[in-house]
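# Working through the structure, step by step
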Amino acid sequence: MKFRAAAAGSDGIRLTMESALTARDRVGVQDFVLLENFTSEATFIENLRKRFKENLIYTYIGSVLVSVNPYKDLEIYSKQHMERYRGVSFYEVSPHLYAIADNSYRSLRIERKDQCILISGESGAGKTEATKKILQYYAVTCPASDQVETVKDRLLQSNPVLEAFGNAKTLRNDNSSRFGKYMDVQFDYKGAPVGGHILNYLLEKSRVVHQNHGERNFHIFYQLLEGGEDDLLRRLGLEKNPQQYHYLVKGQCARVSSISDKNDWKVVRRALSVINFNDNEVEDLLSIVASVLHLGNVQFAADEQGNAQVTTENQIKYLARLLGVEGSVLREALIHKTIIAKGEELVSPLNLEQAAYARDALAKAIYGRTFSWLVNKINKSLAYKEAECPGWRSATVLGLLDIYGFEVFQHNSFEQFCINYCNEKLQQLFIELTLKSEQEEYESEGIAWEPVQYFNNKIICDLVEEKFKGIISILDEECLRPGDATDMTFLEKLEETVKNHPHFLTHKLADQKTRKSLGREEFRLLHYAGEVTYSVTGFLDKNNDLLFRNLKETMCNSENTIINHCFERTELTDKKRPETAATQFKNSLSKLMEILMSKEPSYIRCIKPNDAKQAGRFDEVLIRHQVKYLGLMENLRVRRAGFAYRRKYEIFLQRYKSLCSETWPTWEGRPHDGVAVLVKHLGYKQEEYKMGRTKIFIRFPKTLFATEDALEIRKQSLATKIQATWRGFYWRQKFLHMKHSAITIQSWWRGTQGRRKASKKKWAVETIRRFIKGFIYRNYPRCSENEYFLDYIRYSFLMNLKRNLPKNVLDKSWPTPPPSLYEVSQLLRQLCMQNMVWSYCKRISPEWKQQLDQKVVASEMFKGKKDNYPQSVPRLFINTRLGTEEINPKVLQVLGNETIKYAVPVVKYDRKGYKARVRQLLLAQNAIFIVEEAKIKQRIDYANLTGISVSSLSDSLFVLHVRFEDNKQKGDVVLQSDHVIETLTKTAMSADKINNVNISQGSIKFTIGQGKEGIIDFTSGSELLIAKAKNGHLAVVAPRLNSR
Ligand SMILES: Nc1ncnc2c1ncn2[C@@H]1O[C@H](COP(=O)(O)OP(=O)(O)OP(=O)(O)O)[C@@H](O)[C@H]1O
Ligand SMILES: [Mg+2]
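Small disclaimer: the values here were computed from a predicted structure and weren't measured.

Rules of the game
Residues numbered from 1 in each chain as written. Chains lettered and ligands numbered in written order. Predicted model: local features only at pLDDT ≥ 70, side-chain atom pairs only at ≥ 80, totals over all residues. Heavy atoms only, no water. Patch = residues over 30% accessible without salt bridge, like charges linked within 9 Å, V, L, I, M, F, W, Y side chains within 5 Å. Areas by Shrake-Rupley, 256 points an atom, 1.4 Å probe, with all protein chains shown as cover. Salt bridge = Lys/Arg side-chain N within 4 Å of Asp/Glu carboxyl O. Helix = DSSP H or I, 4+ residues; strand = E, 2+ residues; numbered from the N terminus. Donors = N, O, S within 2.8 Å, 3.2 Å for Na, K, Ca; no water. Buried < 20%, exposed > 50% of the residue type's maximum accessible area, 1.4 Å probe, protein only. Axes fitted to C-alpha atoms, helices over the stretch in contact; angles between N-to-C directions. Parallel < 35°, antiparallel > 145°, perpendicular 65-115°, else oblique. Left-handed = near helix turned anticlockwise from the far one by under 90°. Contact = heavy atoms within 4.5 Å. Nonpolar A, V, L, I, M, F, W, Y, C, P; charged D, E, K, R; others polar. Lys, Arg positive; Asp, Glu negative; His and termini not counted. pLDDT = per-residue confidence, 0-100. Phe/Tyr/Trp six-rings, centres within 6.5 Å; stacked < 30°, edge-to-face > 60°. Lys NZ or Arg CZ within 6 Å of the ring centre and 35° of its normal. Pairing = 2+ DSSP bridges. Near = heavy atom within 4 Å. Polar contact = N/O pair within 3.5 Å; in protein donor to acceptor, adjacent residues only side chain to side chain. Charge placed at Lys NZ, Arg CZ, Asp CG, Glu CD. Disulfide = S-S within 2.5 Å.

## Some words on a nonpolar patch on the surface
- The grouping of Ile722, Trp726, Phe729, Tyr730 and Trp731 at the surface amounts to a nonpolar patch, some 590 Å² of accessible area in total.
- Mapped onto the secondary structure, tyrosine 730 falls in helix H30 (residues 701-776).

## Describing the coordination of the magnesium ion (ligand 2)
- Those protein atoms acting as donors to the magnesium ion (ligand 2) are Thr128 (OG1) and Ser177 (OG), and they sit at 1.8 to 2.1 Å. Of the two residues, threonine 128 sits in helix H6 (residues 127-141) while serine 177 sits in strand E5 (residues 176-177), which places them 49 residues apart along the sequence. For the pair threonine 128 and serine 177, a shared accessibility class is recorded, and that class is buried.

## Brief notes about the pattern of salt bridges
- Applying the stated rule across the entire model yields 51 salt bridges.
- For lysine 469, the salt bridge is made with glutamate 466, and the minimal N-O distance between the two is 3.8 Å.
- A relative accessible area of 33% places glutamate 466 in the partly exposed class.
- When salt bridges with common partners are traced through the structure, they connect Glu41, Glu46, Arg49, Glu620 and Arg624 into a single cluster.

## Side note on the environment of leucine 286
- Turning to its location among the elements, leucine 286 is positioned in helix H12 (residues 279-296).
- Counting along the chain gives 54 residues from leucine 286 to leucine 232, while the straight-line C-alpha distance between them is 9.2 Å.

## Here's the deal with the packing of helix H14 (residues 327-335) against helix H22 (residues 549-556)
- In the contact formed by H14 and H22, the axes pass within 8 Å of each other and the chain directions differ by 160°. It follows that H14 is roughly antiparallel to H22 by the angle criterion. Judged by the twist between their axes, the crossing of H14 over H22 is left-handed. Only Asn550, Leu551, Thr554 and Met555 of H22 make contact with H14, whose side of the interface consists of Val329, Leu330, Ala333 and Leu334.
- Here the contact of H14 with H22 is built from residues that sort into 6 nonpolar, 2 polar and no charged.

## With respect to the side chain of aspartate 284
- Position of aspartate 284 among the secondary structure elements: in helix H12.
- The buried charged residue aspartate 284 lacks any salt bridge, with arginine 235 as its nearest oppositely charged partner at 9.8 Å.

## Things to note about the confidence of the model for the chain
- When pLDDT is averaged across the chain, the result is 88; 95% of the residues are at 70 or more.
- This model gives residues 1-18 a pLDDT under 50, and the stretch forms 53 contacts once residues within four places in sequence are excluded.

## A closer look at the packing of aromatic side chains
- Applying the stated rule across the entire model yields 38 aromatic pairs.
- Between phenylalanine 771 and phenylalanine 789 the ring centres are 4.9 Å apart and the planes differ by 65°, which places this aromatic pair in the edge-to-face class. Taken together, the residues phenylalanine 771 in helix H30 and phenylalanine 789 in helix H31 (residues 787-803) connect sequence positions 18 residues apart.
- Put simply, the rings of Tyr77, Tyr85, Tyr98, Tyr105, Tyr137, Tyr138 and Phe187 touch in pairs and so form one group of aromatic residues.
- Lying across the ring of tyrosine 788, arginine 770 places its NZ or CZ 4.0 Å from the centre.
- Between arginine 778 and the ring centre of phenylalanine 775, over which it is positioned, the NZ or CZ distance is 3.9 Å.

## Looking at the sheet that holds strand E30 (residues 1025-1028)
- Spatially, the 4 strands line up as an open sheet ordered E28-E29-E31-E30, and their pairing is mixed. At either margin of the open sheet sits one strand with a lone partner, and together these are strand E28 (1003-1009) and E30. If you compare each strand with its neighbour and ignore which way they point, the axes differ by 20° on average.
- Across 6 bridges, the pairing between E28 and strand E29 (residues 1012-1021) is antiparallel. If you follow glycine 1009 over to E29, its bridge partner there is lysine 1012.

## Here we look at helix H13 (residues 313-323)
- Along H13, the residues that are buried comprise Gln315, Ile316, Leu319, Ala320, Leu322 and Leu323.
- Where H13 terminates, the next one or two residues include glycine 324, which has phi positive at roughly 65°.

## Structural notes on the site of ligand 1
- Around ligand 1 lies a shell of 19 residues, among which Asn69, Ser123, Lys127, Thr128 and Ser176 are the nearest.
- A distance of 2.7 Å is found between an oxygen atom of ligand 1 and a side-chain nitrogen or oxygen belonging to lysine 127.
- Interatomic distance of 2.6 Å between a side-chain N/O atom of threonine 128 and an oxygen atom of ligand 1.
- Of all the elements in the fold, those that place two or more residues in the shell around ligand 1 are H6 and E5.

## A look at a positive patch on the surface
- The grouping of Lys240, Lys262, Lys266 and Arg270 at the surface amounts to a positive patch.
- Inspection of the secondary structure assignment puts lysine 266 in helix H11 (residues 261-274).
- Taking relative accessible area as the criterion, lysine 266 reaches 47% and is therefore assigned partly exposed.

## With respect to the pairing of strand E26 (residues 973-977)
- With 5 of its 5 residues buried, E26 lies for the most part within the structure.
- On E26, burial covers both faces: Val973, Leu975 and Ser977 on one face and Val974 and Gln976 on the other are all buried.
- Here strand E20 (residues 902-909) runs beside E26; their pairing, made up of 4 bridges, is antiparallel. Considered in E26, the bridge of tyrosine 909 is made with valine 974.

## Regarding the sheet that holds strand E6 (residues 180-187)
- Spatial strand order, E1-E2-E16-E3-E12-E6-E7: 7 strands in an open sheet with mixed pairing. For this open sheet the edge positions go to strand E1 (58-61) and strand E7 (193-201), each flanked by a neighbour on one side alone. Adjacent strand axes in the sheet meet at a mean angle of 20° when their direction is disregarded.
- Bridging between E1 and strand E2 (residues 64-68) involves 4 bridges; their strand directions are antiparallel. Across the sheet, tyrosine 58 pairs through a bridge with serine 67, a residue of E2.
- Contacting E6 and E7, helix H7 (residues 146-166) crosses the sheet at an angle of about 20° to E7.

## Focus on unusual backbone geometry
- For the bond from tryptophan 664 to proline 665, the omega torsion is 0°, close enough to zero to count as cis.
- Despite not being glycine, lysine 613 shows a phi value in the positive range, around 55°.
- Its place among the elements puts lysine 613 in the loop between strand E16 (600-607) and helix H26 (620-629).
- For lysine 613, a relative accessible area of 24% translates into the label partly exposed.
- The residue tyrosine 914 is not glycine, and still its phi comes out positive at about 55°.

## Examining the environment of tryptophan 848
- Along the chain, the position of tryptophan 848 falls in helix H33 (residues 846-862).
- Through-space distance from the C-alpha of tryptophan 848 to that of leucine 876 is 9.7 Å; in sequence the pair is 28 residues apart.

## Comments concerning the environment of asparagine 200
- Looking at where asparagine 200 falls in the secondary structure, it is placed in strand E7.
- The partly exposed category is assigned to asparagine 200, whose relative accessible area is 25%.
- Separated by 20 residues in sequence, asparagine 200 and glycine 180 have C-alpha atoms that sit 5.4 Å apart.
- Those residues in contact with asparagine 200, other than ones at most four positions away along the chain, are Phe179, Gly180, Phe371, Ser372 and Val375.

## Considering the state of the cysteines
- The full count for this structure, using the stated rule, is 0 disulfides.
- Cysteine cysteine 422 is unpaired, with the sulfur of cysteine 418 as its nearest cysteine sulfur at 9.3 Å.
- Using a relative accessible area of 0% as the deciding quantity, one classes cysteine 422 as buried.
- This cysteine, cysteine 566, is not joined by any disulfide, and cysteine 556 carries the nearest cysteine sulfur, 11 Å off.
- Classification of cysteine 566 as buried rests on a relative accessible area of 13%.

Shown next, in the form of structure tokens:
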């Protein structure tokens, strides 16, 4: 069996130190090991106080957890908290129950070694709460399956049931466990909880029939009365009021503000179904609870002979029904006792006192045995069905010990004696496992050290349990010996046998001063935890735990299955005396010690901060007392005596090697030597440390703190250096990478570019070569040498042509074709022109065509012949120069349906005097009309118009030659129009006399009628002049035009 810290090696301690190192500036130290002044109880308690004030209820002493009951909900047990501790190294997080729970669980999983968690502390220190929290932790954090869920539920739900039957309100604790409990949780190979088993120790049965002032009976009684349904209570013959029952009012405290019996009842009822109770079993169980209450109310009265008689027949009726026994038999059994002497059964009546004793004995027996049955029943429902996973080694086990704490009351009896003895045994175990093994480590490491003195309580254990000489042996002896043994004879025997024992005292043995504090019926034990004075009254009875035979027999016949099960017939026939209560307890404790020794223990030491169950109150006296008897100072002293801190060389070197240039960054030699070099460099003094076989031991925390501080500073500079180096490295890597990438891209691009250029050049060379060759062969018929060239020439000519086509019909430009395309070019040019003309023509309107027709005629007639023709070219010919409104209506009327195609104002020159007269010239369908206002002066049919004469000069005179034979005609007409070209063109065209226009040079002859002739002479001059010349001719001076 190895002590955990030793098993976990120095790792645990190392981690403690490390986490404590970081936390040392916070509130107090989270590990007492780090207290500089570790021998001072005041410092120890001050640290506890500091932490308690900050609601830090957990503190370590190495791997032992010290817990102070906060008496308030700290909200540190949530799922998140559980997760925080799950799988995390013990010392990495702040101290907590969960850290201990998780650590044990992990050891169990990894090493497959059974574990146990020992929770100790006095009544009300929080042991049961701690147990429940650890169970909850496993229920939440362990792997699960459907079957496992049921087991988890049952494990959790066994608590409320056991608490209902085994816990009670005491002066110390409103929910005090009145029995010891050791619970094994079994885990399968996957780490899932698969089963459980509970061992119970010495239920305080006396409570069933008697309670001290301010205390209560077991919770279940009050729960049943408060919460039980009316129907159920009726069946059980119970009333809702606890005051009705003698067994419930001894302490005068049936109601407690901190307890809700009604709610607790619901919880218990639900829990019973979870742990597999069927309705009948529940009914039987509650019948027993009720029958205890009825038993309490059974009263006796003495008859004349002083023999007891039952006076409460009603109770007997209920009892008979509830316990399934004959009423009369029970009644008789309660007031008689049967003794077997020499094989014969002797029945003798009981007096009042004896009857009450027998009644109470029955009540205690029924309740006590039912409690054991209950535990067995729970165990059956928790049993691990190993058969379901054959082939696997049975599950590993984690035990939780929640046993009553050290107890000192005003009046201490047999129960306190047993309880305190149990605590002595546990302290013994603690000493064995922690203090001793700590010292053994120094030995195994070969470290010279002075053993620490601690109080070994073996001497007290021996005083209680030693064969023949121990208190229990003497008690048993008194119980068994024939004759009149009483509690007082027991005390005397005790005084005789152990009078010289340093831890034992009685009134008689005490000195004058102490004697005052001791009654004559009392003895005092100097427990490791302090002095306790026990009253011997009731010791023998309680140790005998006698139940009269006839009562036993009655119970053996019970039809209540539980009672029937609890009272076996063999008890009646068994000749051997049953073991006394104390011996039973001693034996069960020694078995428990064996169980615990076979497992790896973890410790939770619970401390109660005050007696008032108040939050935030730190009662120093009370706490100092607990610190003392829990041996916490010794624990710490041993832990620190030699060396506060120890660590394997490898690990120490690994952590601190950076502090010395010789060990940094790597030490090639043995770790031992490396550490030696390192501590020398750090200037450790001789007395500050020791080198063990595998570990270095450091004596004072301050040495380590200094080293740790140095490391902290070193870490900073190392971190900066590492950062800088890393950044340099990182950026250089990045730069190199980028450079490489850039070069790759560049070379690739250059290659691509080069290849493109080369192929372009090659192409160019070939093209040029082909071109030149083609040029040389250009005049040959098409052949392979010139076909490219010719194609190219053709292509480029055509492309050039496409870009430079003539814009309009007047544009005469045309690219010069290569010789080979000359013909094509011509054809194209024609085509192009035709196309332009065609599209031009398509765009011409009829009016414009008419205009152009007229212009063409004018051109034919006058182009190059008459001087003022060019001026007329840009001016458009107008349809008519006079609108119909400008022509006299009369004229129009005369003309009738002759449509006027053209009208223009003209000047007519008389044939004789050449007087100028304003006239209008109208061109109609068939004739020309000369009109003077409303009068048509002359009509010249086109048929009669023989010709038209004009000069070649720039004047605007013209002569219309009229057929001479026509008598009606007055001869040729001399006219002048401002639009002479237009007028003449229209006239010629209308009269179809285009070919009859005569352009004369010099002069024009015309007829004046009857064969007479007139002459007009045209000359050029500076300005227009029309006048009759002396020679009778009409002289016209036409202005010279620049164009001429
Ligand atoms: N961790 C805790 N947080 C809050 N309250 C607590 C805690 N531990 C204990 N308590 C309070 O203290 C009371 C007593 O605790 P508990 O019943 O666990 O004591 P115990 O050590 O088992 O005493 P006993 O030896 O009498 O059975 C609880 O009912 C609860 O009110
Ligand atoms: Mg408890």
